[in-house]
Amino acid sequence: SSIEYLEFYGLKEVVEEAPAVVLPLYHFYAMEEIKQKSRLHYKQAVRIWKKMKTAAKKAGKMNFWEEYIASIRNQYKRLRALQEELEKGNLFI
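Model, not experiment: these values are computed from the prediction.

Caption draft 1: Region of interest: the packing of aromatic side chains. In the structure shown here, the tally under the stated rule is five aromatic pairs. For the ring pair Phe 8 and Tyr 9, a centre distance of 4.9 Å and an interplane angle of 85 degrees mean the geometry is edge-to-face. Accessibility expressed as a relative area gives 58% for Tyr 9, which makes it exposed. Their ring planes at 25 degrees and their centres at 5.8 Å tell us that Phe 64 and Tyr 68 sit as a pair that is stacked. Within this pair, Phe 64 and its partner Tyr 68 are both found in helix H4 (residues 62-75), separated by four residues, close to a single helical turn. Since its relative accessible area comes to 35%, Phe 64 is described here as partly exposed. By relative accessible area, which is 9% here, Tyr 68 ends up buried. Among the aromatic residues, ring-to-ring pairing joins Tyr 5, Phe 8 and Tyr 9 into one connected group.

Rules behind the numbers
- Residues numbered from 1 in each chain as written.
- Predicted model: local features only at pLDDT ≥ 70, side-chain atom pairs only at ≥ 80, totals over all residues.
- Heavy atoms only, no water.
- Phe/Tyr/Trp six-rings, centres within 6.5 Å; stacked < 30°, edge-to-face > 60°.
- Buried < 20%, exposed > 50% of the residue type's maximum accessible area, 1.4 Å probe, protein only.
- Helix = DSSP H or I, 4+ residues; strand = E, 2+ residues; numbered from the N terminus.

Right, here's the structure in full:
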């Protein structure tokens, strides 16, 4: 299923009630997008990471978020299109 499907069936409510619980789920879906290796999928991954950032902020886990996004940036430093989309998405603090 897609992230949109999950949001339609209650993921937004889970984010409101227990935002820390959805962080691994967002990670999984973002990684699935990156595996597709196209700019369109990278843009979708950035959209998912924006939702993940919001959930991390609500959960009070901004230190985790900073370390997470830095590791993603380092891990995929050779994917120039992904790096560009990360910059456009303003995911860094």
